[in-house]
Amino acid sequence: MPRSVLSKLVVFLLLVVLGWPAHAYWVEATGTAVVQHQDLVAARRAAIRDALRQASFQGALHINGYQAMSRGEVHTDQLSINTQSSISEMQILEERIQQGMMLVRVRARIESSGQCEGGNYANGYRRSLAISQFHLERPLSANMGALHDISERLPRELLQRLQNEERLRVLDAVRFQLYADQSSIPTTVNDQGRLTTAVDTATRLGAQYVLTGVVRSLDLLHPDLASERPVLAGLYERTRYRGERFAREFQVDLFIHDGFSGELITSRRYTTTGNWTENRTERVGFATPRFWEIDFGQKVDELVEQMVADLHVQVGCQPFMARITRTDNRHIYIDAGSDAGLQPGDTLSVYRLNTFYDQTQRPFTELVPVDLTLSLERIQPNFARGRLGALPEMLNIQVGDLVIAW
């Protein structure tokens, strides 16, 4: 066995033995970011993201080695380190500026299970995620502050903050509203529904996965206390309830759908509370500079950073997939290329899409593995060509079928 491979295996086994907790625990970490152009909001976000990254590395680590060969020679030899943990809760403990640097200390709850919770990006390929417009479940809850634009501004915030992720390619689908009617919206984060419009959107944009969401609540927790009150009653309530009378809830569900079948593959609910002290008639708007300054906006900002960290992990745990766009004898063309990190000599498993119907005539899409491997020969920015070991028609491989790397 080559020494490099042996060393990777030894390190991997040590991490399995020494560092694989299967429980939840709290850790503290400090993140830093340079304050540029006096933009404290951007620096704070970057520091929070760095702190979350540092916290996740205090969980268990997982080592993955990846090699690809062409004509008997190794042309790619990668070693990746992934955390086997996710962050389920976060608290800001301290913020300060020191010598032009923003420092943020956080307390984060780490959950580890030894499964793919740190992102399975070992094969080096970039997953593509289309982010669609969200649905505001109860528009009346957005009246205070005129936050009705959250349906577009929240997904655009996620889109912008995910742009710099090296292993994730995000695509703008905010103009698409995937939930055409109330019946297609999952009622809970546990619904295992499928979304046919997700397939249409993914096909148009060439995305493997589609993110959408539902804003469940922007409610004031004590709307009667936040309204205009008589002087004496107002003084009494200010003394008794203090900031709690301005408490406002932010609750949103995120759903990731497979862009090939529309199946819901993962979902999560996010909730936070902050104080809304702005005038009742002021039209603040969501994600405006003024919004990020108030307490409620800062709490939402922290939660959005947690969403970004989670999405990187959740999409990374899914396999890399690409569509077959053309068959030419033993040559196969796919809709992913160098933009996804593919290189000549890489090999991908071929899967056939099979649609079947249950007793209520609901369609389901099944991925059927076939005993074929596609070896890539020519790579372009947006597509690639490879060669099969057998004629594709022998196994009924058609346009629309898939290649997958796990």
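Predicted model, so just to flag it, every value in this text is computed and none were measured. (Residues numbered from 1 in each chain as written. Predicted model: local features only at pLDDT ≥ 70, side-chain atom pairs only at ≥ 80, totals over all residues. Heavy atoms only, no water.)

Draft legend 1. Focus on the overall build of the chain. Helix and strand counts for the chain come out as 8 helices and 17 strands. Buried residues in the chain amount to 48% of all 406 residues. Long-range contacts, defined here as pairs at least 24 residues apart, represent 73% of the contacts in the chain between residues at least 6 apart. (Helix = DSSP H or I, 4+ residues; strand = E, 2+ residues; numbered from the N terminus. Buried < 20%, exposed > 50% of the residue type's maximum accessible area, 1.4 Å probe, protein only. Contact = heavy atoms within 4.5 Å.)

Draft legend 2. Summary view of the packing of helix α3 (residues 150–161) against helix α8 (residues 295–316). Relative orientation of the contacting elements α3 and α8 amounts to 55°, with a least axis distance of 10 Å. Put simply, α3 runs oblique to α8. By crossing handedness, the relation of α3 to α8 is classed as right-handed. Touching Leu154, Leu158 and Arg161 of α3 are Asp301, Val304, Glu305, Met307, Val308 and Leu311, all from α8. Looking at the contact of α3 with α8 residue by residue, the class counts come to 6 nonpolar, no polar and 3 charged. (Axes fitted to C-alpha atoms, helices over the stretch in contact; angles between N-to-C directions. Parallel < 35°, antiparallel > 145°, perpendicular 65-115°, else oblique. Left-handed = near helix turned anticlockwise from the far one by under 90°. Nonpolar A, V, L, I, M, F, W, Y, C, P; charged D, E, K, R; others polar.)

Draft legend 3. Region of the structure containing the packing of aromatic side chains. Under the definition given, this model contains 8 aromatic pairs. Ring geometry for tyrosine 125 versus phenylalanine 320: centroids 5.0 Å apart, planes at 50°, classification tilted. Residue tyrosine 125 is located in the loop between β5 (101–112) and β6 (127–133), and its partner phenylalanine 320 is located in strand β12 (residues 320–328); the two are separated by 195 residues in the primary sequence. Assigned by exposure class, tyrosine 125 and phenylalanine 320 land together as buried. An angle of 65° between the planes, with centres 6.2 Å apart, marks the rings of phenylalanine 286 and tryptophan 292 as edge-to-face. A single burial state applies to phenylalanine 286 and to tryptophan 292, both of which are buried. Linked through ring pairs, Trp276, Phe286, Phe291, Trp292 and Phe296 together constitute an aromatic cluster. Cation over ring: arginine 107 sits above tryptophan 26, and NZ or CZ is 4.1 Å from the ring centre. The ring of tryptophan 292 carries arginine 161 above its face, with NZ or CZ at 5.4 Å from the centroid. (Phe/Tyr/Trp six-rings, centres within 6.5 Å; stacked < 30°, edge-to-face > 60°. Lys NZ or Arg CZ within 6 Å of the ring centre and 35° of its normal.)

Draft legend 4. Broad picture of the environment of alanine 336. Here alanine 336 lies in the loop between β13 (331–334) and β14 (347–357). What makes alanine 336 buried here is its relative accessible area of 7%. It is 9.9 Å that separates the C-alpha atoms of alanine 336 and tyrosine 125, two residues lying 211 residues apart in sequence. Setting aside residues up to four positions removed in sequence, alanine 336 forms contacts with Phe320, Ala322, Leu342, Asn382, Phe383 and Ala384.

Draft legend 5. Quick peek at helix α4 (residues 196–205). Every buried residue of α4 is listed here: Ala198, Thr201 and Ala202. The arc enclosing the buried residues of α4, seen along the axis, measures out at 100°, which places them on a common side. Here the buried face of α4 lies against β8 (168–177), β9 (209–217), β10 (247–258) and β12. Glycine 206 occupies a position one or two residues after α4 and carries a positive phi of about 70°. (Arc of directions from axis to C-beta.)

Draft legend 6. View of the pattern of salt bridges. Under the definition given, this model contains 25 salt bridges. Between arginine 105 and glutamate 94 there is a salt bridge; the shortest N-O distance is 3.3 Å. Of this pair, arginine 105 sits in strand β5 while glutamate 94 sits in strand β4 (residues 85–98), and the two are 11 residues apart along the sequence. Under the relative-accessibility criterion, arginine 105 is labelled partly exposed at 29%. A salt bridge links aspartate 219 to arginine 138; the nearest nitrogen and oxygen atoms lie 2.6 Å apart. Of this pair, aspartate 219 sits in the loop between β9 and α5 (223–226) while arginine 138 sits in the loop between β7 (135–136) and α3, placing them 81 residues apart in sequence. Look at arginine 138 and you get partly exposed, because its relative accessible area is 35%. (Salt bridge = Lys/Arg side-chain N within 4 Å of Asp/Glu carboxyl O.)

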